[in-house]
Amino acid sequence: MAIRLGDTAPDFRAETTEGHVSFHDWLGESWGVLFSHPADFTPVCTTELGTVAKLKNEFAARGVKVIAVSVDPIESHNAWISDINETQNTEMNFPIIADPDRVVADAYDMIHPNADDTLTVRSVFVIDPAKKVRLTLTYPAATGRDFNEILRVVDSLQLTTDFQVATPANWQDGDDCIISNAIADDQLEARFPKGHEVIKPYLRTTPQPNR
Ligand code: BEZ
C-alpha cells in the first residue's frame, strides 16, 4: 500500500554497506531521508549517490541521516562503491541497503510495475524524529534527482514545524515566509517581532523567524 504523508515510516531490518540496520533504531532522534535507486552500476544512480555523499555534511547540519536502497545484493553495492568514489570524486559516507528480497521496496511501495516490474523507481521519503513521513517524491529512472531540493524541503519542514508559517513557491532559506491564517491580525506584532506585511487578508508575510 502507498505511504502517505503523516503515516509512520515502516520499520525494517536490513543488511547495508555499513552493517546491519534496524531502521527506527538507526534513525534514533534524527530526521531521515530514505531514497531508492533502480540499480547499481548504472549512470544516473552513480551520479546521485556521489552527489548525496558530497552533501552529507549539509544533511548532517540539519540533523538528517541519509540512507539509500536498491534491490541489488550487498556484494554488488560493495563493488559499486569504488566506481562511485572514482567517477564522482568523493568518498561514500552513508549506508546503501541491500534489498534483494524487496522487503523495503514493498513496505515503501518503491516498485511501480507499470514503470518497471523488478527495479525500484527513484523514491524519496523524508521522515521526522517522530518517525512520521513528511515528504514523498517519485522520479522515473531516467531523471536524476536534485538533492538540493531535498535540502530545501527539509529547511521548510523544520521551519514550519517550529513556527506558524508556511513557505511560498521557490522559497529558499532566508527568504520571507507566509504567516499562518490561524493567527489573527491583532496577534501579528507579538508573534512576529521582526515585522509583517499584509498583502491580502489571506496573504501576510514576515521575515524568516528562525534566521
Ligand atoms: C541509471 O541510473 O542511469 C538508470 C538506471 C535504471 C534505468 C535507467 C537508467
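Right above here is the structure, for reference.
Here is what the cut-offs are and how they apply
Residues numbered from 1 in each chain as written. Predicted model: local features only at pLDDT ≥ 70, side-chain atom pairs only at ≥ 80, totals over all residues. Heavy atoms only, no water. Pairing = 2+ DSSP bridges. Helix = DSSP H or I, 4+ residues; strand = E, 2+ residues; numbered from the N terminus. Axes fitted to C-alpha atoms, helices over the stretch in contact; angles between N-to-C directions. Contact = heavy atoms within 4.5 Å. Near = heavy atom within 4 Å. Areas by Shrake-Rupley, 256 points an atom, 1.4 Å probe, with all protein chains shown as cover. Nonpolar A, V, L, I, M, F, W, Y, C, P; charged D, E, K, R; others polar. Core = buried A, V, L, I, M, F, W, Y, C linked by side-chain atoms within 4.5 Å. Buried < 20%, exposed > 50% of the residue type's maximum accessible area, 1.4 Å probe, protein only. Phe/Tyr/Trp six-rings, centres within 6.5 Å; stacked < 30°, edge-to-face > 60°. Lys NZ or Arg CZ within 6 Å of the ring centre and 35° of its normal. Expected span 1.5 Å × (residues − 1). Polar contact = N/O pair within 3.5 Å; in protein donor to acceptor, adjacent residues only side chain to side chain.

### Focus on the sheet that holds strand β1 (residues 13-16)
So, point 1. The seven strands are arranged β2-β1-β5-β4-β3-β6-β7 in an open sheet whose pairing can be described as mixed. Strands at the two margins of the open sheet, each flanked by one partner only, are β2 (19-22) and β7 (133-139). Ignoring strand direction, the axes of neighbouring strands in this sheet form an average angle of 30°.
So, point 2. Pairing geometry for strand β4 (residues 64-70) and strand β5 (residues 96-98), over three bridges, is parallel. Residue pairing for β5: Ser-70 is matched across the bridge by Ala-98.
So, point 3. With respect to the sheet, helix α4 (residues 74-88) is in contact with β1, β4 and β5, its orientation differing from that of β5 by roughly 150°.

### Let's talk about the site of the ligand
So, point 1. In the vicinity of the ligand, the residues found are Pro-38, Thr-42, Pro-43, Val-44, Cys-45, Arg-122 and Ala-141.
So, point 2. The fraction of the free accessible surface of the ligand (260 Å²) that becomes covered by protein chains is 74%.
So, point 3. Of all the elements, helix α2 (residues 43-54) adds the most residues to the shell around the ligand, at three residues.
So, point 4. Class assignment for the residues of the shell around the ligand results in five nonpolar, one polar and one charged.

### Notes on the nonpolar core
So, point 1. Counting residues in hydrophobic clusters, the biggest one holds 27 residues, and the most contacted among them are Val-33, Phe-35, Leu-49, Phe-59, Met-92, Phe-94 and Val-126.
So, point 2. Counting 21 residues, the second-largest nonpolar core is a separate cluster that includes Ala-14, Val-21, Val-69 and Ile-127.

### Considerations on the environment of Asn-210
So, point 1. Assignment of secondary structure puts Asn-210 in the segment after β11 (203-206).
So, point 2. For Asn-210, a relative accessible area of 32% corresponds to the partly exposed category.
So, point 3. Here the alpha-carbon distance between Asn-210 and Gly-174, two residues 36 residues apart in the chain, equals 8.8 Å.
So, point 4. Those residues within four positions of Asn-210 in sequence are excluded, and the remaining contacts are Leu-159 and Phe-163.

### Some remarks on the pairing of strand β10 (residues 197-200)
So, point 1. For β10 and β11, the ladder comprises three bridges, and the chain directions are antiparallel. Within the sheet, the bridge partner assigned to Val-198 lies in β11 and is Arg-204.
So, point 2. Connecting β10 to the next strand, β11, in antiparallel fashion are two residues.

### Some thoughts on the packing of aromatic side chains
So, point 1. In this structure the tally under the stated criterion is seven aromatic pairs.
So, point 2. With a centroid separation of 6.2 Å and an interplanar angle of 85°, the aromatic rings of Phe-12 and Tyr-108 are classed as edge-to-face. In this pair, Phe-12 is assigned in the segment before β1 and Tyr-108 in the loop between α5 (103-107) and β6 (122-127), connecting sequence segments 96 residues apart.
So, point 3. Of the residues examined, Tyr-108 reaches a relative accessible area of 1% and is grouped as buried.
So, point 4. Members of the aromatic cluster, joined through ring pairs, are Phe-12, Phe-23, Trp-26, Tyr-108 and Phe-125.
So, point 5. Positioned above the aromatic ring of Trp-26, the side-chain terminus of Lys-65 is 5.1 Å from the ring centre.

### Brief notes about helix α6 (residues 147-162)
Residues three or four positions apart in an α-helix share a direction because the helix packs 3.6 residues into each turn.
So, point 1. Over its 16 residues, α6 runs 23 Å from end to end, which matches the ideal 22 Å to within 8%, given 1.5 Å per residue.
So, point 2. All buried positions along α6 are accounted for by Phe-147, Ile-150, Leu-151, Arg-152, Val-153, Val-154, Asp-155, Ser-156, Leu-157, Gln-158 and Leu-159.
So, point 3. Measuring from the backbone nitrogen of Asn-148 back to the side-chain oxygen at the start of α6 gives 3.0 Å, which picks out Asp-146 as the cap.

As far as function goes, none of this settles anything; it's purely spatial.
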